[in-house]
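# Topology and contacts: notes
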Amino acid sequence: MSERVYLDWNATAPLRPAVRSAMESALDVVGNPSSVHGEGRAARRLIEEAREQVARLVGARAGDVVFTSGGTEANMLALSPAIAVAGGKAPRDRLVISAIEHPSVRSGGRFPSDLIDDIPVRADGRVDLAALAQRLDDLRRAGVRRPLVSLMLANNETGVLQPVSEAAHVVHETGGLLHVDAVQGPGRVPVDMAALGADLLTLSAHKLGGPKGVGALVHRNDDLHFTDPLIKGGGQERGLRAGTENPAAIAAFGAAAAVAARDLAPERAHMAALRDRLEARLDAITPESVVFGANAERLPNTTLFAVPGIKAETAVIALDLAGIAVSSGAACSSGKVQPSHVLAAMGVSPALAGGAIRLSLGWSTSESDIESFLNAWISVSEALLKGAKGLAA
Ligand code: PLP
């Protein structure tokens, strides 16, 4: 079989070579990071060095980084009423989230469902800031004093960048805290906690070339404290995440963060050039294709598109058989294909949303990968459109 082409980087990115070697050498460190002997201190050093690297990636202080098992756990830890600010223990009294958040945020974390508010998005895929301001004002009038707002930096399906720093002003004016799920950002766009105005920020290693199963919740500063850790037990991670740390995964996360920060400018330009070329050719091959979120600023690596008459599941399987890994915009859980909640929130019809195919590129995607996809797309789209016309006849 010829080489496969991987265009599903928003699902997970391949391990970067520097990360693999950092991880392999960390696997040889035997100590428990909590032990006082030399072996333990060596493991501790790996973790603290990674903490510095992850903090540097987002312009934070190392002491404000809490390692977790990934983005999902970081979101679960963040979405809690029990956040003390500057010693004040009064709980967060509302959670406000957008309609296009990742399911781990849509779940509401530890807030009861009657304390969760939804903010709509506009047709271009950006959160409706006026609706957010209005909702926060209404909530304030209704007596809500300490809302927690959670907005993503970039949507994982469309790649649309969200107006996070503008939202931060509105949130802070009304006494709220802002949590930002920045999982899709690093290595693709600059991510700076202060510039974003984020009080809490979620990261996941496997989206930026690190291993799966490790992430972080970064705090604005040590003013913020969670009084109800998700996992209780030992005092690891400032008492916020009990359990012996995974030094190899954490060291690898640190290495991935360092490379993603260092190489952002050239990698971003590389992905944007390939993506623009891809979209231009896509339009030439299937002129009826619709690129979702094309009118908004997007990540440089993401294209979500549909062609009326082509079902995403069929196209994804046909492309897979042709050696190309892409994903459909719809989520598949327990064997059932659910229409994308993101496209539904943008007002896309279920019929068109059912055709959404996501292509997401990365630093090692080559021109020939894009050519291979386009060649496959010429035959796959022709066959599927012919099939659709045959069915309609
Ligand atoms: N948030 C966003 C925007 C994501 O895209 C993902 C992963 O797909 C997550 C959170 C969850 O991260 P993890 O896979 O590390 O649990």
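Attention here is on the structure that accompanies the text.

How each quantity is defined
Residues numbered from 1 in each chain as written. Predicted model: local features only at pLDDT ≥ 70, side-chain atom pairs only at ≥ 80, totals over all residues. Heavy atoms only, no water. Helix = DSSP H or I, 4+ residues; strand = E, 2+ residues; numbered from the N terminus. Buried < 20%, exposed > 50% of the residue type's maximum accessible area, 1.4 Å probe, protein only. Contact = heavy atoms within 4.5 Å. Near = heavy atom within 4 Å. Polar contact = N/O pair within 3.5 Å; in protein donor to acceptor, adjacent residues only side chain to side chain. Areas by Shrake-Rupley, 256 points an atom, 1.4 Å probe, with all protein chains shown as cover. Nonpolar A, V, L, I, M, F, W, Y, C, P; charged D, E, K, R; others polar. Pairing = 2+ DSSP bridges. Axes fitted to C-alpha atoms, helices over the stretch in contact; angles between N-to-C directions. Right-handed = clockwise from strand over helix to strand, strands pointing away. Expected span 1.5 Å × (residues − 1). Salt bridge = Lys/Arg side-chain N within 4 Å of Asp/Glu carboxyl O.

When its secondary structure is counted, the protein chain shows 13 helices and 17 strands. Considering only C-alpha atoms, the protein chain reaches an extent of 70 × 55 × 40 Å along its principal axes. For the protein chain, buried positions account for 54% of its 393 residues. Counted over contacts in the protein chain with a minimum sequence separation of 6, partners at least 24 positions apart contribute 71%.

Below, the discussion takes up the site of the ligand. Every one of the 14 residues lining the ligand counts as a neighbour, but Gly71, Thr72, Asp181, Ser204 and Lys207 are closest to it. Take aspartate 181: an N or O atom from its side chain is 2.6 Å from a nitrogen atom of the ligand. Coverage of the ligand by the protein amounts to 85% of the 400 Å² it exposes when considered alone. When residues in the shell around the ligand are grouped by element, the largest group, three residues, is from helix α3 (residues 71-78). Across the shell around the ligand, the residue classes tally to two nonpolar, 10 polar and two charged.

Mapped onto the elements of the fold, arginine 275 is located in helix α9 (residues 264-285). On the accessibility criterion, arginine 275 (7% relative accessible area) is buried. Not counting residues within four places of it along the chain, the set of residues in contact with arginine 275 comprises Arg298, Leu299, Pro300, Asn301, Thr302, Thr303 and Leu361.

Before going further, it helps to spend a moment on the sheet that holds strand β11 (residues 290-291). Sheet architecture is open: four strands sit in the order β11-β12-β17-β14, paired in antiparallel fashion. Taken across any chain shown, the strands that pair with only one partner, and hence form the sheet edges, are β11 and β14 (327-328). Relative to strand β12 (residues 302-306), β11 runs antiparallel, the two sharing two bridges. Bridge pairing in β12 links valine 291 to phenylalanine 305. Each of β11, β12 and β17 (357-360) is contacted by α9, which is oriented at about 15 degrees to β12, the strand it contacts most.

A separate point is the environment of asparagine 75. Here asparagine 75 shows up in helix α3. The exposure class of asparagine 75 is buried, given its relative accessible area of 1%. Expressed as a C-alpha distance, the spacing of asparagine 75 and serine 107, which sit 32 residues apart in the sequence, is 9.7 Å. Those residues within four positions of asparagine 75 in sequence are excluded, and the remaining contacts are Ser104, Val105, His179, Asp181 and Thr202. Within the local environment of asparagine 75, its side chain forms a polar contact with the side chain of aspartate 181, the two groups lying 3.2 Å apart.

Across the six residues of strand β6 (residues 147-152), six count as buried, placing the element largely inside the fold. With four bridges joining them, strand β4 (residues 94-98) and β6 adopt parallel strand pairing. If you follow leucine 95 over to β6, its bridge partner there is leucine 148. Sheet topology note: the β6/strand β7 (residues 177-181) ladder contains five bridges and is parallel. Residue pairing across strands places serine 150 opposite histidine 179, the latter belonging to β7. With respect to chirality, the unit in which β6 leads through helix α6 (residues 164-173) into the neighbouring parallel β7 is right-handed.

Here we take up helix α2 (residues 38-57). The α-helix advances 3.6 residues per turn, and as a result positions three or four apart in sequence lie on the same side. Counted at 1.5 Å a residue, the expected span for α2 with its 20 residues is 28 Å, and the 29 Å between its end C-alpha atoms agrees. Where α2 is concerned, the buried positions are Gly40, Ala43, Ile47, Ala50, Arg51, Gln53, Val54, Ala55 and Leu57. Turning to α2, the residues buried within the fold contact β2 (65-68), β8 (200-204), β9 (215-219) and α8 (247-262). In the segment just after α2, glycine 59 is the residue with positive phi, at about 70 degrees.

Our next topic: the environment of valine 19. Here valine 19 shows up in helix α1 (residues 17-27). Residue classification places valine 19 among the buried residues on the basis of a relative accessible area of 0%. Note: C-alpha distance between valine 19 and valine 259 (240 residues apart in sequence) is 8.6 Å. Here valine 19 is in contact with Gly209, Gly210, Pro211, Ala252, Ala255 and Ala256, once residues within four sequence places are set aside.

Enumeration over the complete set of coordinates arrives at 26 salt bridges. Aspartate 118 is paired through a salt bridge with arginine 106; the nearest N and O atoms lie 2.6 Å apart. Placement of aspartate 118 in strand β5 (residues 116-119) and of arginine 106 in helix α4 (residues 103-106) is noted, with a sequence separation of 12 residues between them. Relative accessible area serves as the criterion here: at 30%, arginine 106 is assigned to the partly exposed category. Across the salt bridge formed by glutamate 279 and arginine 298, the nearest N and O atoms sit 2.9 Å from each other. Taken together, the residues span a long stretch of sequence, with glutamate 279 in helix α9 and arginine 298 in the loop between β11 and β12 at a distance of 19 residues. In this structure, glutamate 279 and arginine 298 share a single accessibility class: buried. Salt bridges here are not isolated pairs; linked through shared partners, they connect Arg44, Glu48, Arg51, Glu237 and Glu245.

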